[in-house]
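Overview (structure and organization)
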Amino acid sequence: MKQTEYNILNLFKDNPNNEFSTSKIVKSVFPEEFEKVKTSLSDNISSKENIKQAKKLKAQLHRRVLYYLNKLIDEGIIELRREGAKGEKFFALGVKDGERFVIDKYKRRIIIEKPIMPAVPIEGYEQKGYVLRHSPDNWVERLNSILLESDKQDKLKDYYKLIIDCFSDINDVISLNDFELLLENNSLTDIKNFLSKIDKMCQDYGKKISCTIDMTNVNSKMNLHDLMSADYNNINFIFDFRISELRDNKEIFQRVIDAACKTKSMLYFKNQDLHSAPYIVGKAGPYTFNPQEWCIYTKNSRSISKGIVCGQASAAIDVYKFGVDNKSASQFKVMLMAVVRALLTANSMQRRKSVDFFSASANLNPNFLNYCRSYIRFWNYGWKQKDIDPEDRYSLIKNLEGEVQNFASSQETIYLSCGIPTRFKVSFSCEFRRENSKMSDPRFKKVLLTDNASLQSDQIRKILQDKEKLFELFSGGDRIRFTRLGMPKPEDVWREINTIYTAYKIPFFCYDFSKIHKNVKLTDFV
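Below is a short write-up of the structure. (Residues numbered from 1 in each chain as written. Predicted model: local features only at pLDDT ≥ 70, side-chain atom pairs only at ≥ 80, totals over all residues. Heavy atoms only, no water.)

Considerations on a positive patch on the surface
On the surface, Lys 55, Lys 58, Lys 86, Lys 155, Lys 157 and Lys 197 cluster together into a positively charged patch. Tracing the backbone shows Lys 55 in helix H4 (residues 48–74). Lys 55 sits in the exposed class, given a relative accessible area of 52%. (Patch = residues over 30% accessible without salt bridge, like charges linked within 9 Å, V, L, I, M, F, W, Y side chains within 5 Å. Areas by Shrake-Rupley, 256 points an atom, 1.4 Å probe, with all protein chains shown as cover. Salt bridge = Lys/Arg side-chain N within 4 Å of Asp/Glu carboxyl O. Lys, Arg positive; Asp, Glu negative; His and termini not counted. Charge placed at Lys NZ, Arg CZ, Asp CG, Glu CD. Helix = DSSP H or I, 4+ residues; strand = E, 2+ residues; numbered from the N terminus. Buried < 20%, exposed > 50% of the residue type's maximum accessible area, 1.4 Å probe, protein only.)

Right, here's the structure in full:
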């Protein structure tokens, strides 16, 4: 076989679980020529003729690689997975888990095999619909969520490329932290165009984006309300602020709320006084960091970090569906610990193969996995459910949470005693209802608000007091959604948010304005 084909096959042999773009394959197969092209195109003093020759060489390299890639596709050795920005093609091995290809051509032999994903002790529960792994097809090969530091990005086009590269590493959501800082160095038009492109790519790739806006860095010239005026399907905005900043920026908040009402969208709010670490919102649910660990990251490495991983692998438990079969609390514990052991298997493989699996994330920070956690999410677990005592369900989950933490800690000790220091942290969180899921229908009510007086009702006060306890229990993040009805004035909503901030220990919540201009009874079900 030709040397080019041999080099391509060796690339996939060494990284059997990875997906490669045409550009990355060119870089690997022709490293010297690739660097020459890159230098010429990035050099501001290159002549037009040099740039022209560099583009010509780049096209030639791509054609040479695509020639052999198409041959390998015809032979069933690799497959075209998808197309990215500007028609960039992404390829992966066409070999199934556990399969092997022996390729003999012109006195050269290459053996390619793809390691099989080991069986995990939750498959029986998955078949019954009690447990749902997030993105089971790439449960180990991809992460759930990554946080990117916006202040490390000078150009929007470079940030866009980094986000697209990271899409190959994750199966849920990317957080753009301190997004407000981009407004200082870029025009509002450029920012909106950037978000529109990202929103479109999220649709193509099946991802979500969270834009965190730290109100500490916001000023009146940033026109946040104009940013909210566009309707994005796959991007959410999280406003991170203290109670003092809510009051100092009253006019800014009211304009943002007014824009959200006009687009009938959702706004997320995080109380920085209660939880210092960022929140991220994905398809599966919320993610966050341990506040103490976030403080360590901020102090030790954030200044030189482009980002870190937040969520590794996750699995959801449908508590209602499990309970329908009259299972006991002891049986629920057995199932929960099986989920923890499955997460331990995934954690071990992800850390052992981290550079192979997560090449884009590995370039963000040498310690990119130092602060992330695996997630167990609960669905229909009894909160706001008529036939369930919230205190009993809370006590059950709290006791199990303690056992899970003890197990995780013991596994870290075992690895350390064997000379293999590792990190295995498991956090509880809530699960969001997703399209085409096999989870049971929602058994809980929406929290509906018509005005500030709604927050003073005995029913809503009881709901929020119960939720305060769950926020303490769900260390991986929780959320409460307020569905706003009627025709609210921005100042009225601002007062409601002020009430929530001052009267309750609710660190993270969202306002859903999709039902405004519609009057519904307070007790309406989902």
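Quick look at the sheet that holds strand S3 (residues 89–93)
Within the open sheet, the three strands sit side by side as S1-S3-S2. Their pairing is antiparallel. The strands lining the two open edges of the sheet, one partner per strand, are strand S1 (20–21) and strand S2 (78–83). In this sheet, S3 lies alongside S1 in antiparallel orientation, the contact comprising two bridges. From the neighbouring strand, Ser 21 faces S3, where its bridge partner is Phe 90. Helix H1 (residues 3–14) rests against S1, S2 and S3 of the sheet, and its axis sits at about 65 degrees to S3. (Pairing = 2+ DSSP bridges. Contact = heavy atoms within 4.5 Å. Axes fitted to C-alpha atoms, helices over the stretch in contact; angles between N-to-C directions.)

Examining helix H2 (residues 22–29)
Among the residues making up H2, those that are buried are Thr 22, Ile 25, Val 26 and Val 29. Buried residues of H2, viewed axially, fall in a sector of 100 degrees; they line one side. On its buried face, H2 sits against H1, S1, helix H3 (31–42), H4 and S3. (Arc of directions from axis to C-beta.)

Side note on the pattern of salt bridges
What the rule picks out here adds up to 21 salt bridges. Between Arg 242 and Glu 245 there is a salt bridge; the shortest N-O distance is 3.8 Å. A salt bridge links Asp 258 to Lys 262, with the shortest nitrogen-to-oxygen separation between them at 3.2 Å. One end of the pair is Asp 258 and the other is Lys 262, both in helix H11 (residues 250–263) and four residues apart, which spans about a single turn. What makes Asp 258 partly exposed here is its relative accessible area of 29%. Note on Lys 262: relative accessible area 66%, which makes it exposed. Put simply, Glu 149, Asp 178 and Arg 302 are held in one network by salt bridges that share partners.

Quick word on the pairing of strand S19 (residues 508–512)
Along S19, five of the five residues are buried, which leaves the element largely enclosed by surrounding structure. Residues Phe 508, Cys 510 and Asp 512 line one face of S19 and the alternating positions Phe 509 and Tyr 511 line the opposite face, and both faces are buried. The sheet contact formed by strand S11 (residues 266–271) and S19 spans five bridges and is antiparallel. Across the sheet, the residue bridging to Tyr 268 is Cys 510, located in S19. Sheet topology places strand S18 (residues 480–484) next to S19; four bridges connect them, and they run parallel. Bridge pairing in S19 places Phe 482 opposite Tyr 511. Following the chain from S18 across helix H19 (residues 490–503) to the adjacent parallel S19, one finds a crossover that is right-handed. (Right-handed = clockwise from strand over helix to strand, strands pointing away.)

Thoughts on the environment of Ser 21
Structurally, Ser 21 is set in strand S1. Look at Ser 21 and you get buried, because its relative accessible area is 6%. Between the C-alpha atoms of Ser 21 and Tyr 232, which are 211 residues apart in sequence, the distance is 27 Å. In this structure Ser 21 touches Glu 88, Lys 89 and Phe 90, once residues within four positions along its chain are discounted.

Here's the deal with the packing of H11 against H19
The N-to-C vectors of H11 and H19 enclose an angle of 115 degrees; their axes lie 9 Å apart at closest approach. Comparing the axis directions of H11 and H19 gives the class roughly perpendicular. Here H11 runs over H19; the crossing is right-handed. On H19, the residues that touch Lys 250, Phe 253, Gln 254, Ile 257 and Asp 258 of H11 are Pro 490, Glu 491, Val 493, Trp 494, Arg 495 and Ile 497. Class assignment for the residues of the contact of H11 with H19 results in six nonpolar, one polar and four charged. (Parallel < 35°, antiparallel > 145°, perpendicular 65-115°, else oblique. Left-handed = near helix turned anticlockwise from the far one by under 90°. Nonpolar A, V, L, I, M, F, W, Y, C, P; charged D, E, K, R; others polar.)

A look at unusual backbone geometry
The phi dihedral of Lys 264 is positive, around 55 degrees, even though this residue is not glycine. Tracing the chain through its elements places Lys 264 in the loop between H11 and S11. Note on Lys 264: relative accessible area 41%, which makes it partly exposed. With phi around 50 degrees, Asn 380 is a residue other than glycine that occupies positive phi space. Within the secondary structure, Asn 380 sits in the loop between strand S15 (373–379) and helix H17 (390–417).

Notes on the nonpolar core
One broad trend across soluble globular proteins is that nonpolar side chains are buried collectively. Counting 125 residues, the largest nonpolar core has Phe 239 and Phe 378 as the members making the most contacts within it. Per-element accounting of this core gives the leading share, 12 residues, to helix H14 (residues 329–352). The next biggest cluster of nonpolar side chains, apart from the first, holds 22 residues, and it includes Leu 11, Val 29, Tyr 68 and Ile 110. (Core = buried A, V, L, I, M, F, W, Y, C linked by side-chain atoms within 4.5 Å.)

Considerations on helix H8 (residues 188–205)
In this model H8 runs 25 Å from its N-terminal to its C-terminal C-alpha over 18 residues, within 8% of the 26 Å that 1.5 Å per residue would give. Burial in H8 covers these residues: Ile 191, Phe 194, Leu 195, Ile 198, Asp 199, Met 201, Cys 202 and Tyr 205. The buried residues of H8 occupy an angular sector of 165 degrees when the element is viewed end-on, so they sit on one face. In H8, the exposed residues that point more than 90 degrees away from the buried face are Thr 189 and Gln 203. Positive phi shows up at Gly 206, right after H8, with a value of about 75 degrees. (Expected span 1.5 Å × (residues − 1).)

Here we look at the environment of Tyr 205
Assignment of secondary structure puts Tyr 205 in helix H8. With a relative accessible area of 12%, Tyr 205 lands in the buried category. Along the chain, Tyr 205 and Ser 395 lie 190 residues apart, while their C-alpha atoms are 40 Å from each other.

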